[in-house]
Amino acid sequence: MRPLRPAFAVLCALFLGPLTALATPGRAFDPATDAWSREALEDGAKAVKTAPLPTPFLGDEQFMRPFTGAHQAWFADGFQLAKYHHIVLPTWSNSLGRYHVTGQELLRRSLGTALGAMKPWRGGVAAPAANTAGTAMPSGDLTIYGNIHQFKNTANDVEYVIELLAVDNAGLIQFKLQDIIGTSGTAGMAVAGATAYQASNGNPLSAGLAMAMSMPTDRDQFNFYGMAGDEIQRRIPATLLAADKSIAKNKPDCPHSAAVPLTVAPAGLMAANSEAFGPTLADQVASYIAIVNDPKADMGDRRDRLRDLGKIGARAAVPVAIAIIQDDKADNKLQENAAWALGEIGHPDGLPALQAAHGVDGFNVKAAITKISEY
């Protein structure tokens, strides 16, 4: 294979640099104090590859370190899969302050299927349906709680930082995991860029335009969700099985120490189906809504801010998006973004408007309904 020409190397740096600089330390996005931005979410994901992100969900993370397929992991002394016969995966929470995160139910179900297929736990894993009012969570001798700590959803990738906390029926923590799950379009973009460069006769600007045009669209995101589900099925069971063998053989490679008691109420580890934005993020949401509602604002800005509201997961944007979908005179692209935002926010209040929508791109509407209903 011929080496990349210098001009294309510059092109890669311009187009791929922000997406591939995964070793840069950062910190987790905190909805209680921070303003939302793509960079704020990416920084937390980058940091997980270097060290565990501090998190109330996992508690003390000082003994966690990389192990096998997990970016950060820890296990209790003597952890053995065969000790547990009934495993429960309650509904997941998230540390982003939002009602829910797109795809979190898909990941939970995918993980439940994968864990239930492992030989030690075959047939013994339950992942109760989300939002089942009045239904008590089944008891288990190991409960594995889940949390979405970071979430990035773009036209080119879907990426989650997930946390798993396993607690036995004595209230002792048996393992902690913090891992990046998802897929990035970076490799595909590089291939597209190389092809575009060859077709541009060495003109970087022409190559850049062709490369931008070849990037995945939002229609690819459902594929990305599915790939994330496949990844969690591969990586988490492999990590648990490797830890089981390592601890049984007394190998030093697996991070482990004495089991510690759970010090928070279990209910606090499960989905609250509520929003918890701090004043900075709340002000940002209010300013974005003001732009979306301003008929004198630039239409491109209105479209972008509505899409950002979906990425933030702001419930305050639900009535705004509904009104746009129901307005027959609204800009078509603005309506498409309204449908997309409703799907990302995930609140069921958006369903009636989506189901009755006319003149709005059918794919966006169906995708939003699927997200709210299934993801």
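None of the values given here were measured: they were computed from a predicted structure.

Some words on the overall build of the protein chain
- Along the backbone of the protein chain there are twelve helices and ten strands.
- Within the protein chain, the proportion of its 375 residues that are buried is 50%.
- Here the contacts in the protein chain between residues at least 6 apart in sequence split such that 73% fall between residues at least 24 apart.
- Accessible surface, the protein chain as shown: approximately 16700 Å² in total, 57% of it carbon and sulfur.

Let's talk about the confidence of the model for the protein chain
- When pLDDT is averaged along the protein chain, the result is 85; 82% of the residues meet or exceed 70.
- Considering only residues more than four positions removed or in separate chains, one finds that residues 1-25, a stretch of pLDDT under 50, has 35 contacts.
- Note that residues 211-216 has pLDDT below 50 and, in this model, 13 contacts with residues that lie over four places away or in other chains.

Some points on the pairing of strand S7 (residues 157-168)
- The element S7 is extensively covered by neighbouring structure, given that twelve of its twelve residues are classed as buried.
- Both faces of S7 are covered, namely the face carrying Asp157, Glu159, Val161, Glu163, Leu165 and Val167 and the face carrying Val158, Tyr160, Ile162, Leu164, Ala166 and Asp168.
- The pairing of strand S6 (residues 142-153) with S7 spans eleven bridges and is classified as antiparallel. The residue bridging phenylalanine 151 from the neighbouring strand is tyrosine 160, located in S7.
- The turn linking S6 back onto S7 is made up of three residues.

Let's talk about the nonpolar core
- Within the largest apolar cluster, 75 residues are counted, with the highest numbers of intra-cluster contacts made by Phe75, Trp121, Ile144, Tyr160, Phe175 and Leu240.
- Here this core gets eight residues from one element, more than from any other, and that element is helix H6 (residues 221-248).
- Excluding anything up to four places from it in sequence, leucine 240 contacts Phe75, Phe79, Leu81, Leu115, Met118, Trp121, Phe175 and Leu177.
- Ranked by size, the runner-up nonpolar core spans eleven residues in total, among them Phe57, Met64, Ala76 and Leu269.

Points about the packing of helix H7 (residues 279-293) against helix H8 (residues 299-312)
- Where H7 contacts H8, the two axes come as close as 8 Å, and the packing angle between them is 145°. Taken as a pair, H7 and H8 cross one another with a handedness that is left-handed. Here Leu281, Val285, Tyr288, Ile289, Ile291, Val292 and Asn293 of H7 come into contact with H8, specifically with Asp301, Arg302, Arg305, Leu306, Asp308, Leu309 and Ile312.

Reading guide: rules and limits
Once a new chain begins, its residue numbering starts again from 1 and follows that chain's sequence as written. Predicted model: local features are reported for residues with pLDDT of at least 70 only, side-chain atom pairs are reported and counted for 80 or more only, and whole-chain, interface and lining totals are derived from all residues. The basis for the side-chain values is all heavy atoms of the structure; hydrogens and waters are excluded. What counts as a helix is a DSSP run of H or I of at least four residues, what counts as a strand is a run of E of at least two, and both are numbered from the N terminus. Throughout this description, buried means an accessible area under 20% of the type-specific maximum (1.4 Å probe, protein chains only), exposed means over 50%, and partly exposed covers the range between. A contact between two residues is defined here by any heavy atoms of the two lying within 4.5 Å. Surface accessibility follows the Shrake-Rupley procedure with a 1.4 Å probe radius. Residue values consider only the protein chains on display as shielding. What pLDDT conveys is the predictor's confidence in a given residue, as a value from 0 to 100. Here a strand pair is declared whenever DSSP counts at least two bridges between the two strands. Side-chain atoms within 4.5 Å link the members of a nonpolar core, which is a set of buried Ala, Val, Leu, Ile, Met, Phe, Trp, Tyr and Cys residues. Only the contacting stretch of a helix is used when fitting its axis, a line to C-alpha atoms as for every element, and angles between N-to-C directions run 0 to 180 degrees. Handedness of a crossing is defined here by the sense of rotation of the near helix relative to the far one, left-handed for an anticlockwise turn of less than a right angle and right-handed for a clockwise turn.

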